[in-house]
Amino acid sequence: MKLSSVVLCCLMSSVSALTANSSPSSQELTFRQKHIVAIAAYTGQGNLHQLRPALNAALDSGLTINEIREVLVHSYAYCGFPRSIRGLQAFISVLDKRKSRGITDTPGRDASPLKDKRSRYAILAEISGVPANAPKAAYAEFAPVMKRFLKEHLFADIFERDVLTYDERELATVSILAAIGGVEPMARSHMGICLNLGITPGQLCQLLDIVSRNIGPGEADAVRKELNTLLQEKGLPGVSGTGQVAGKRETPANPPLRRRRENPAKHRSLAWNRSR
């Protein structure tokens with residue numbers, strides 16, 4: 001009897017250890033997130049030569065056609081229609097070549113019908129933590145229609161599409177902004193949203209490490225400087241270029257917000273689950 005108890009205890013410990021090892025640390029981006037970051041960066045830069053292999057790698061890792069397409073569609077709001085459309089054209093080419101080689105990729109689910117009856121200004125307030133009635137920025141005072149487009153279209157029509165989570169959209173956004181360069185204040189604002197969503201400073205630093213390797217160290221360092229300033233203002237330790245936070249165990253700056261919709265990760269293919 002005692003021997004059976006010991007064996008059972010050992011088995012339970014082994015299962016717990018395997019489970020812990022199979023789950024990415026809260027300090028690390030998941031493989032899925034890394035693919036989203038790479039695709040977004042290459043799309044933002046307009047580097048189709050490198051985008052095609054990144055698209056192939058994402059498909060091989062189990063991201064669905066609709067999930068990858070959504071990253072490319074999301075990109076237009078930050079790098080413009082031309083680069084977003086060029087990214088979509090590159091994706092069509094990749095899919096055609098894979099199909100000709102006998103590869104069948106998973107389409108995945110499309111966005112759910114919109115049923116949210118809240119104000120169209122509510123999403124930005126939710127994910128940023130800034131009240132909808134907060135004082136307007138100078139650009140919004142100068143061009144009110146721009147603020148309306150941003151809140152009603154970008155943060156309502158686009159962010160409400162649940163093929164990607166808010167976290168994934170914000171990681172893609174920071175990656176795009178870092179890749180195009182010269183928009184560090186906007187990158188800083190979106191990194192603030194990332195922190196509010198529960199993404200850790202170390203994960204943001206990992207994102208910038210990917211941008212540094214794939215796009216260039218100059219682009220990544222400019223945004224990393226903004227990240228460190230943001231962290232200093234929040235009383236958090238700064239980050240280096242290795243995805244590490246100095247002198248402190250990584251924890252989210254804020255607890256993750258509850259999602260109103262089911263996480264699309266639950267709809268992932270078996271191949272993706274094995275790759276994790």
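Before reading on, note that the structure itself is shown above.
As a starting point, this report considers the structure included with it. (Residues numbered from 1 in each chain as written. Predicted model: local features only at pLDDT ≥ 70, side-chain atom pairs only at ≥ 80, totals over all residues. Heavy atoms only, no water.)

1. Regarding the overall build of the protein chain
Of regular secondary structure, the protein chain possesses 13 helices and 0 strands. Written out in order from the N terminus, the α and β elements of the protein chain read α-α-α-α-α-α-α-α-α-α-α-α-α. Counting across all 276 residues of the protein chain, residues that qualify as buried make up 42%. Partitioning the intrachain contacts of the protein chain with sequence separation of at least 6 by distance along the chain shows that 76% fall at a separation of at least 24. With the model as given, the accessible surface of the protein chain reaches about 14,500 Å², and the carbon-plus-sulfur share is 58%. (Helix = DSSP H or I, 4+ residues; strand = E, 2+ residues; numbered from the N terminus. Buried < 20%, exposed > 50% of the residue type's maximum accessible area, 1.4 Å probe, protein only. Contact = heavy atoms within 4.5 Å. Areas by Shrake-Rupley, 256 points an atom, 1.4 Å probe, with all protein chains shown as cover.)

2. Quick look at the packing of helix α2 (residues 31–45) against helix α11 (residues 201–214)
For the pair α2 and α11, the least separation of the axes is 10 Å and the interaxial angle reads 45 degrees. One element, α2, and the other, α11, form an angle in the oblique class. By crossing handedness, the relation of α2 to α11 is classed as right-handed. Across the interface between the two elements, Lys34, Val37, Ala38 and Tyr42 from α2 touch Leu207, Ile210 and Asn214 from α11. (Axes fitted to C-alpha atoms, helices over the stretch in contact; angles between N-to-C directions. Parallel < 35°, antiparallel > 145°, perpendicular 65-115°, else oblique. Left-handed = near helix turned anticlockwise from the far one by under 90°.)

3. As for the environment of Ile158
With respect to the secondary-structure elements, Ile158 resides in helix α8 (residues 144–158). Taking the C-alpha atoms as reference points, Ile158 and Ala77, separated by 81 residues in sequence, lie 9.0 Å from one another. Leaving out residues up to four positions away in the same chain, Ile158 has contacts with His74, Tyr76, Ala77, His153 and Arg169.

4. Structural notes on the layout of surface pockets
Roughly 1,100 Å³ of internal volume is contained in the largest pocket. As for the largest pocket, its lining consists of 36 residues, of which Leu124, Tyr139, Lys147, Leu150 and Phe155 are closest to the centre. At 10 residues, the largest contribution of residues to the lining of the largest pocket is made by α8. Of the residues that constitute the lining of the largest pocket, the class distribution is 25 nonpolar, 5 polar and 6 charged. (1 Å grid on protein atoms, 1.4 Å probe; cavity = no way out; pocket = protein on both sides within 12 Å on 5 of 7 lines; lining within 4 Å. Points joined across faces, edges and corners; volume = space filled by probe spheres on them. Nonpolar A, V, L, I, M, F, W, Y, C, P; charged D, E, K, R; others polar.)

5. Re helix α9 (residues 166–180)
Look at α9: 21 Å from first C-alpha to last across 15 residues, which is about the 21 Å you get at 1.5 Å a residue. The element α9 is extensively covered by neighbouring structure, given that 14 of its 15 residues are classed as buried. Note on α9: the residue one or two positions beyond its end, Gly181, has a positive phi of about 75 degrees. (Expected span 1.5 Å × (residues − 1).)

6. A closer look at the side chain of Thr64
The residue Thr64 is located in the loop between α3 (48–60) and α4 (65–79) in this model. Residue classification places Thr64 among the buried residues on the basis of a relative accessible area of 3%. Beyond its immediate sequence surroundings of up to four residues, Thr64 is in contact with Thr106, Pro107 and Gly108.

7. Details of the pattern of salt bridges
Applying the stated rule across the entire model yields 12 salt bridges. Put simply, Asp110 and Arg161 hold a salt bridge, and the shortest N to O gap is 3.7 Å. Remark: Arg161 occurs in the loop between α8 and α9 and Asp110 occurs in the loop between α5 (81–100) and α6 (122–128); sequence separation between them is 51 residues. Arg188 is the salt-bridge partner of Glu226, the closest N and O atoms lying 3.7 Å from each other. Taken together, the residues Glu226 in helix α12 (residues 217–233) and Arg188 in helix α10 (residues 184–197) connect sequence positions 38 residues apart. Salt bridges here are not isolated pairs; linked through shared partners, they connect Glu70, Asp110, Arg161 and Arg169. (Salt bridge = Lys/Arg side-chain N within 4 Å of Asp/Glu carboxyl O.)

8. A closer look at a positive patch on the surface
On the surface, a cluster of positive charge is contributed by Arg52, Arg86, Lys97 and Arg101. In this structure, Arg86 sits in helix α5. Accessibility expressed as a relative area gives 44% for Arg86, which makes it partly exposed. (Patch = residues over 30% accessible without salt bridge, like charges linked within 9 Å, V, L, I, M, F, W, Y side chains within 5 Å. Lys, Arg positive; Asp, Glu negative; His and termini not counted. Charge placed at Lys NZ, Arg CZ, Asp CG, Glu CD.)

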